2 protein chains.
Amino acid sequence: MKLLHTLNNTKIGIIGGGQLGKMMAIEGKKLGLRFIILDPQPDCPASSVVDEQIVGDFFDDEKIKALADKTDIITYEFEHIYADLLIHLIEEGYRVYPSPEALKIIQDKYHQKEFLTKKGIEAPEFREIKGIEDIYRAIDDMGLPLLLKSRRGGYDGKGNYLIKTEDEVQTAYEMLGGDEKLLMVEAFVDFRMEISAIVARGAGGEQKIYPLSENIHENNILKTTIAPARVSDEIAQKAKSVAEEVVEVLDGVGVFCIEMFVDKNEKVLINEIAPRVHNSGHYTFEGCYTSQFEQHLRAILGLPLGSTELIKPSVMINLLGEDNYTGNAKIIGAEKLLEIPAAYLHFYGKNISKPQRKMGHITVLDSDIEKAMEKAEKARGLVRVIGEEAIIND
Amino acid sequence: MKLLHTLNNTKIGIIGGGQLGKMMAIEGKKLGLRFIILDPQPDCPASSVVDEQIVGDFFDDEKIKALADKTDIITYEFEHIYADLLIHLIEEGYRVYPSPEALKIIQDKYHQKEFLTKKGIEAPEFREIKGIEDIYRAIDDMGLPLLLKSRRGGYDGKGNYLIKTEDEVQTAYEMLGGDEKLLMVEAFVDFRMEISAIVARGAGGEQKIYPLSENIHENNILKTTIAPARVSDEIAQKAKSVAEEVVEVLDGVGVFCIEMFVDKNEKVLINEIAPRVHNSGHYTFEGCYTSQFEQHLRAILGLPLGSTELIKPSVMINLLGEDNYTGNAKIIGAEKLLEIPAAYLHFYGKNISKPQRKMGHITVLDSDIEKAMEKAEKARGLVRVIGEEAIIND
């Protein structure tokens, strides 16, 4: 499959039209690229910046085929799609990046971990769960707490259950739909820090890696990203080489996010892999010379990768829909936020705000990372996203 | 008229859908703003990033009224529109920024200069021309060379004629349509440098000014912008205070570009004023913490103005349609350009390339301005925009 190496009226098809697709399109439009998205929501965030939207389900093979027919290259902004459908497209001569083969490995977290550990990459201990008795067996071997996970389809902690006592096994198994869904367990890592690396890899195998980011989650949703991560050079070096190795063994083309744990013994362990641009890389939009979004487009088009150098230390905070509100999204306090120098607001344009929904983000730059963190916390206190004509949740 | 102070589903109407409108929409989309443009070309650059386009002429009062009815606030990306129409809209309670009163003063270059010099701002000597005999009289008084100018509607040197000998008077007068059009003459400034200042002013009168840019024209079209301009601190200070004064006396709200000459005696003289974002401010997109496009939106919405600090010295070069080609626009060499670190390509997405048409631009950042200039010249040599299926011009 030849790469395109061109910007001339090149049409990119994106499966998914959320904020990741929106930011990708914004970056690509500067370069003169055209975009068509496939998304079931006619008013999805990307809809307002793309040339065309195919309104349809991500699993609708005819709609995906239509997207491929209308575009020069297909990519995706989320990984819960049928990899086999994309493999079929490749066989028919269409271009799809990252490769559906890599996607297929990543989609099933058990296969993913199996694949990576076989390649010598360290991950928390894990086991396949074929029935509830396998969980008890795993507890006997691995102890508690133990993380029960859906092998497919999870995000933002959905599909995970941290089992702390044997009493919770039945509940956990039922909540994750164990009788119908594939499950696995993973040793719980009492981590010192969660970090991630955004890695871009071109078709020729060339790689560029961004400064590591340090991620703070709350209720399993990313709350804050600090870049660069406050780790020793040694840890940074190790984490970067793990991340590069992962993308290499997957033969990935495009941008990947490699989430890792740094445990209390300064060991670096793989947590999860996303075959796409990632929330923990949003800081690159203003914080680095090339954003992860432009970088992804460069990689899949076969263009040279851009500089991943940091302009200034950056802190990104997510703007989540406030609790107790579901309704027409409204941002409050933006006018105060915008007084902070080098604070950047992204408001995704989702119509409805719901508790904990990702509605936007703020990135703050400062030469001093501690000051950037202070400014970001100040920013967090200034801005709220609520739902107007609010329906109070129970 | 109350300013909006909000980003919630706010709709901006832009008169004009060229590259300036495109970049404004790109910046505004990050903030969640919505855009509707009025432009006669259905495939104009901004069309691919806005929520809606009204296809219509800029002088069509019904279309402009429709744009106002569909949006919360009207702005414009070029100044050759009927100011009276906009004044009428204001009277009816619509929001229009910059104010049509300021636009009206600026649109007629003779009125503009008259207004400014009355306010004590220095400009090259100028005269009204009511008939061809006024030109001869001006030559007697002011000497040669002398610049004959259309008072309205010129851009990129169109509407200007530099009269070097008396023999040329008749030709110049006819070429600029002197019997029908309002003309003026201006003393020719044998300048040492052309500079410009991008100034933002909010509704409360607060101002932020960007680093001065040094502009190099070729065939009257901007070829290169170097920021910051290589002038002494004294000149920079003087030019900045002139620029701020201009926007102040115009009571301007929004982003303005003040083009100035630095003459051989280090005197700063007003050249032209644009009541809008400007080509010489494109470098701010990547070179400053807030781009002129976001800044304009902040100003007209009554939001706080952003930092105008330079991230790094920046050089912007325009990508013009190559001579001898008119046809489907094609960029050649982008893959080589993108190898240069911190070189940013904007390709506007105009379908047809014509000789000297502005098709895109490149901005290069470097800590060392001389290196930025070298990189920019290298970039210029790498990229071409041609028309495919070329029709060779005579």
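Residues numbered from 1 in each chain as written. Chains lettered and ligands numbered in written order. Predicted model: local features only at pLDDT ≥ 70, side-chain atom pairs only at ≥ 80, totals over all residues. Heavy atoms only, no water.

Participant: Report on the sheet that holds strand β7 (residues 160-163) of chain B, specifying residues and quantitative values.
Facilitator: All names here are of chain B. An order of β5-β8-β6-β7 is seen for the 4 strands of this open sheet, with the pairing classed as antiparallel. Only two strands of the sheet have a single partner each, and these edge strands are β5 (126-129) and β7. Here the strands of the sheet are splayed against their neighbours by 25 degrees on average, with no regard to which way each runs. Taken together, the 4 bridges between strand β6 (residues 146-150) and β7 define a ladder with antiparallel strand orientation. Residue pairing for β7: Lys149 is matched across the bridge by Asn160. (Pairing = 2+ DSSP bridges. Helix = DSSP H or I, 4+ residues; strand = E, 2+ residues; numbered from the N terminus. Axes fitted to C-alpha atoms, helices over the stretch in contact; angles between N-to-C directions.)

Participant: Explain the UniProt feature "domain: ATP-grasp" (unreviewed entry) in chain A to me, using residue names and the numbers behind them.
Facilitator: Annotation from UniProt places "domain: ATP-grasp" (unreviewed entry) at residues 113-301 of chain A. From the first C-alpha to the last, residues 113-301 of chain A spans 29 Å; its make-up is 29% helix and 33% strand. (UniProt positions renumbered as here; feature names shortened; annotations may be inferred.)

Participant: How would you sum up the side chain of Ser48 of chain A? Please name residues and give values.
Facilitator: As for its placement among the helices and strands, Ser48 of chain A is situated in the loop between β2 (34-39) and β3 (52-55). Sequence-distant contacts of Ser48 of chain A, that is, excluding residues within four places in its chain, are made with Lys29, Arg34, Val49, Val50 and Asp51 of chain B. (Contact = heavy atoms within 4.5 Å.)

Participant: Please give an account of the environment of Ala243 of chain B that cites residues and values.
Facilitator: All names here are of chain B. Looking at where Ala243 falls in the secondary structure, it is placed in helix α8 (residues 233-249). The buried category is assigned to Ala243, whose relative accessible area is 0%. Here the alpha-carbon distance between Ala243 and Ile270, two residues 27 residues apart in the chain, equals 8.6 Å. If we skip the residues at most four places from it in the chain, Ala243 touches Ala197, Val199, Ile209, Ile258 and Met260. (Buried < 20%, exposed > 50% of the residue type's maximum accessible area, 1.4 Å probe, protein only.)

Participant: Outline the packing of aromatic side chains, supporting the account with residue identities and numerical values.
Facilitator: Residue and element names in this part refer to chain A. Within the structure shown, the criterion is met by 10 aromatic pairs over all chains. Centre to centre, the rings of Tyr110 and Phe126 are 5.7 Å apart; their planes meet at 70 degrees, and the pair counts as edge-to-face. With Tyr110 in helix α5 (residues 109-118) and Phe126 in strand β5 (residues 126-129), the pair connects residues that are 16 residues apart, well separated along the chain. Comparing Tyr110 with Phe126 shows no difference in burial state: the two are buried. (Phe/Tyr/Trp six-rings, centres within 6.5 Å; stacked < 30°, edge-to-face > 60°.)

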